[in-house]
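Listed below, chain by chain, are the residues.
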Amino acid sequence: MDSASKQPGTDVRIKLMKAAAVLMVCLSLLGLVLLQERASSEAQARKNPTAQAFEKAPETWLANPKEASEFERAVSAKEVTAVAVDGIHVLYTTRQGGHFSTRLIDCGLGCKNDLASHLGSLSVTNGFALTSIDIDARTASQKATQALDKVAGVLASLLPIGLIIGAFVYFQTRGSMGNRTKLAEKPDTQFKDVIGAEEAKKALRRVAAFMKDPEQYAAVGARAPRGVLLEGPPGTGKTLLAKALAGECRASFISVDGSYFSSMFYGAGISKVKELFTRARAAAPCIIFIDEIDGIGKRSSGKDAHGGEQEQNRIINRLLVEMDGFSALENVVVIGATNHIENLDEAMCRPGRFDLSVRTALPTAPEREALFSLYLGNVKADKGIDVASIARTAMGMSPADIANCVNRAAAYAAEAGESSVSQERVYQSLETHQLGGEVSATKSIITPETLRRIAFHESGHALVAHVLNAGIVERVSIEPRGPALGVTYVARHNEEPLHGEQELLSRLAMMLAGREAELIAFGNASSGAADDLKRASELATSMIGSYGFGKTFGLLSMAGVPRELIGPDVQKSLLDEARQLLENAQVECRRVLEEKRDRLTSLAELLLGQETVSGVRLKRVLSGAGDEELALVA
Ligand code: ADP
């Protein structure tokens, strides 16, 4: 256990609260007992001496039971000096000093001859003292049982109070208890474990230099960094970077998230903030990592804020006060991670708080390649996997997605009873991620004719993309996944942000090629091209209306012209021109497909046999390799 896990102040507070709760329960019990005592002594004081004498030790009489007839005889013989009645129990003392008891016989409802109703007159005529008493006629063990019942009754009546007190103590101390699980750890992660994110690493290296040697910076009056905001999409390594910073500086690492501070109890959130910083100072050098920091929210203006909002304001204020309170040598740095920097309270981004903001971005193709290599290295993978091709296909995936993808590929391999992860399994896993699902149930209802149509459709996309150089055709599959019946992966040659006109025209032709291939092979098209046509129409209208490739708009961009100035005539000519662009692309596409029809058919047949074609085999068939050559790579 490191020093950060010991918080004497916190422990003493929890113990005090527990002791207070126990004391309250004990005091309530004591109060109840004293009240009962007082009530019975008051009642006792109002009784006559004869009754008091009988009630003091009724066992003396009860220990000598007699028949009712014997009692009646003694009364008639005037041998009785005192009689005490409690319901059907009668205790009596004789002139000889005997102490006896009996039970009166109930002779029934309305009975006039029972002894009980005559005792009053008999006491006068036969000269004995008569009194009523209130005794417990049960045996000692019966009484013990009753005492236990009483205690249970008292406890039951105190249970609700106990529960309320217990709940109060639990929720008040929960923040502190919760913190026990938020112990500072000492991560081993280093910056070299974080692939890419160079900009973020550069900024964090400066922070690391401060943390490693705060005295050096303090000596020249340099202000220590207080907070760093890491902004970027989920899974881009924000947590990993923060851990790497801690690892590099051998600092402690405490991780919480924005919602950690919110509490249903007034004031508990603020004490959580205080405790977090106390803990961090005790564990310094220390990194406090607050994930989803935007979850803390923004402050609302003082007069409009009520209830929860006021509490939220106080939490944010406390956080700012704690950060302002760092001294140059304190060596605690707060790292906040968010995907929505716009939701952060402005005051948090001011100098002296989160004064450094760093963006993490999705990885580039070489970074994805390095990530795949890293994660494939962690599982048992086949040798010779084309990691570069996989990385090109994985465009738009975050490092976390890539880690997940490799993990899922390993699971697929295990489920299939394979001893290592093949390239095909990685591709399958990629498809599951990108197309949003496993192989869909549609597969079982697809007829051979439809499958043939899908094979030609996908082969059309692949062939035109290859011939018109729209990108690198990585893989073609006719296995339905998610909403897609088939898929052709075409990766861009590079990921530079600009797209040339020729590249866009080639992409247009590629998008239309599925439908065109269906027309060539079957003489008619199907609804399977709906999504292709939608995307092609979007691209064509953007090319004319926004990218400056058309005559109607020329250099004007639709996005920059007020809507009211775009009349029906302008809209019509824009759509006419976009349509012309699509038709030109269609002509180009048909030319390619008719010219290379043999390749189209070869690929479609190959797909019908194998479902998926990729790698060298795909390249060969797209480049028009003969059957013998293809057989060699089979
Ligand atoms: P974020 O905090 O941005 O949501 P994480 O840091 O939690 O992302 O990343 C989740 C997982 O993804 C990490 O545990 C790690 O396995 C992997 N990962 C993320 N970024 C990288 C990276 N740059 N290099 C290597 N692995 C990464």
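To start, this report covers the structure provided alongside it. (Residues numbered from 1 in each chain as written. Predicted model: local features only at pLDDT ≥ 70, side-chain atom pairs only at ≥ 80, totals over all residues. Heavy atoms only, no water.)

**Re the overall build of the protein**
Stage number 1. In terms of helices and strands, the protein carries 22 helices and 12 strands.
Stage number 2. Relative to its full complement of 634 residues, the protein shows a buried share of 42%.
Stage number 3. Nonlocal contacts in the protein, meaning residues at least 24 apart in sequence, comprise 73% of its contacts between residues at least 6 apart.
Stage number 4. Of the roughly 33000 Å² that the protein leaves accessible, carbon and sulfur atoms contribute 56%. (Helix = DSSP H or I, 4+ residues; strand = E, 2+ residues; numbered from the N terminus. Buried < 20%, exposed > 50% of the residue type's maximum accessible area, 1.4 Å probe, protein only. Contact = heavy atoms within 4.5 Å. Areas by Shrake-Rupley, 256 points an atom, 1.4 Å probe, with all protein chains shown as cover.)

**Considering the sheet that holds strand β2 (residues 89–94)**
Stage number 1. Read across the open sheet, the four strands follow the order β3-β2-β1-β4; overall the sheet is mixed. In this open sheet, the two strands that pair with only one neighbour each are β3 (99–103) and β4 (129–132). Looking at each pair of strands side by side, their axes are set apart by 20° on average, direction ignored. (Pairing = 2+ DSSP bridges. Axes fitted to C-alpha atoms, helices over the stretch in contact; angles between N-to-C directions.)

**Some words on the site of the ligand**
Stage number 1. Surveying the vicinity of the ligand reveals 14 residues, the closest of which are I195, G235, K238, T239 and Y375.
Stage number 2. In this structure, an oxygen atom belonging to the ligand sits 2.6 Å away from a side-chain N or O atom of T239.
Stage number 3. Residue L240 places a main-chain N or O atom 3.0 Å away from an oxygen atom belonging to the ligand.
Stage number 4. If the ligand stood free it would expose 560 Å²; the protein chains cover 78% of that surface.
Stage number 5. Looking at the shell around the ligand, the elements with two or more residues in it are α9 (238–248), α12 (365–377) and α14 (399–415).
Stage number 6. Here the shell around the ligand takes three residues from α9, the largest share from any one element.
Stage number 7. Classifying every residue of the shell around the ligand by side-chain character gives eight nonpolar, four polar and two charged.
Stage number 8. Counting contributing residues per domain, the shell around the ligand is built from domain 2 (183–359) and domain 3 (365–435), each supplying no fewer than three. (Near = heavy atom within 4 Å. Polar contact = N/O pair within 3.5 Å; in protein donor to acceptor, adjacent residues only side chain to side chain. Nonpolar A, V, L, I, M, F, W, Y, C, P; charged D, E, K, R; others polar. Domains from an automatic or database assignment.)

**So, the packing of helix α16 (residues 448–467) against helix α19 (residues 568–595)**
Stage number 1. At their nearest, the axes of α16 and α19 sit 10 Å apart, and the two run at 100° to each other. By the angle between their axes, α16 is roughly perpendicular relative to α19. Facing α16, whose interface residues are G460, L463, V464 and V467, α19 presents C589, V592 and L593.
Stage number 2. Tallied by class, residues from the contact of α16 with α19 come to six nonpolar, one polar and no charged. (Parallel < 35°, antiparallel > 145°, perpendicular 65-115°, else oblique.)

**Observations regarding the packing of aromatic side chains**
Stage number 1. Tallying each qualifying case throughout the model produces six aromatic pairs.
Stage number 2. Relative to F100, the ring of Y92 lies with its centre 5.7 Å away and its plane at 40°, an arrangement referred to as tilted.
Stage number 3. On the basis of an interplanar angle of 80° and a centroid distance of 5.7 Å, the ring pair of F456 and F522 is categorised as edge-to-face. Linking F456 in helix α16 with F522 in helix α17 (residues 501–522), this pair joins segments that are 66 residues apart in sequence.
Stage number 4. The rings of F71, Y92 and F100 are connected pair by pair, giving a single aromatic cluster.
Stage number 5. In this structure, R453 packs its charged tip against the face of F522, placed 4.8 Å from the ring centre. (Phe/Tyr/Trp six-rings, centres within 6.5 Å; stacked < 30°, edge-to-face > 60°. Lys NZ or Arg CZ within 6 Å of the ring centre and 35° of its normal.)

**Examining the side chain of S459**
Stage number 1. In this fold, S459 is placed in helix α16.
Stage number 2. Residue class for S459 comes out buried when judged on its relative accessible area of 0%.
Stage number 3. Engagement of the side chain of S459 in a polar contact is seen with the backbone nitrogen of A604, the distance being 3.2 Å.
Stage number 4. Beyond its immediate sequence surroundings of up to four residues, S459 is in contact with L600, L603, A604 and L607.

**Here's the deal with the pattern of salt bridges**
Stage number 1. Counted according to the given criterion, the structure contains 26 salt bridges.
Stage number 2. With a shortest N-O distance of 3.2 Å, R359 and E231 are connected by a salt bridge. Linking R359 in strand β9 (residues 354–359) with E231 in strand β5 (residues 227–231), this pair joins segments that are 128 residues apart in sequence.
Stage number 3. Residue E231 is classed as buried on the basis of its relative accessible area, which comes to 14%. (Salt bridge = Lys/Arg side-chain N within 4 Å of Asp/Glu carboxyl O.)

**So, the nonpolar core**
Stage number 1. Grouped together as the largest cluster of nonpolar side chains are 46 residues, with contacts concentrated most on V464, V473, L508, L593, L603, L618 and L622.
Stage number 2. Listing elements by their share of this core, those giving two or more residues are α16, β10 (472–477), α17, α18 (530–545), α19, α20 (597–610) and α21 (615–622).
Stage number 3. Top contributing element to this core by residue count: α17, with nine residues.
Stage number 4. Setting aside anything within four residues of it in sequence, one finds L603 in contact with S459, A462, V613, L618, V621 and L622.
Stage number 5. Counting 28 residues, the second-largest nonpolar core is a separate cluster that includes I315, I316, L320 and L344. (Core = buried A, V, L, I, M, F, W, Y, C linked by side-chain atoms within 4.5 Å.)

**Structural notes on the environment of E55**
Stage number 1. As for its position among the elements, E55 is in helix α2 (residues 49–56).
Stage number 2. Along the backbone, E55 and S132 are 77 residues apart, and their C-alpha atoms lie at a distance of 9.9 Å.
Stage number 3. Looking at E55, its side chain comes within polar contact range of the side chain of K47, at 2.9 Å.
Stage number 4. A distance of 2.6 Å separates a polar atom in the side chain of E55 from the backbone nitrogen of D134.

**Some points on the packing of α16 against α17**
Stage number 1. Running from N to C, α16 and α17 point in directions that differ by 135°, and their axes come no closer than 7 Å. Between α16 and α17, the angle falls in the class oblique. Note that α16 runs across α17; the crossing there is right-handed. Residue-level contacts link R452, R453, F456, H457, G460, H461, V464 and A465 of α16 to A509, M510, M511, A513, G514, R515, A517, E518, A521 and F522 of α17.
Stage number 2. A breakdown of the residues in the contact of α16 with α17 according to their chemical character gives 10 nonpolar, four polar and four charged. (Left-handed = near helix turned anticlockwise from the far one by under 90°.)

**Here we look at α9**
Stage number 1. Burial in α9 covers these residues: K238, L241, A242, A244, L245, A246 and G247.
Stage number 2. Summarising the contacts, the buried residues of α9 are in contact with α7 (198–212), β5, β6 (252–257), β7 (286–291) and β8 (332–338).
Stage number 3. R250 occupies a position one or two residues after α9 and carries a positive phi of about 50°.

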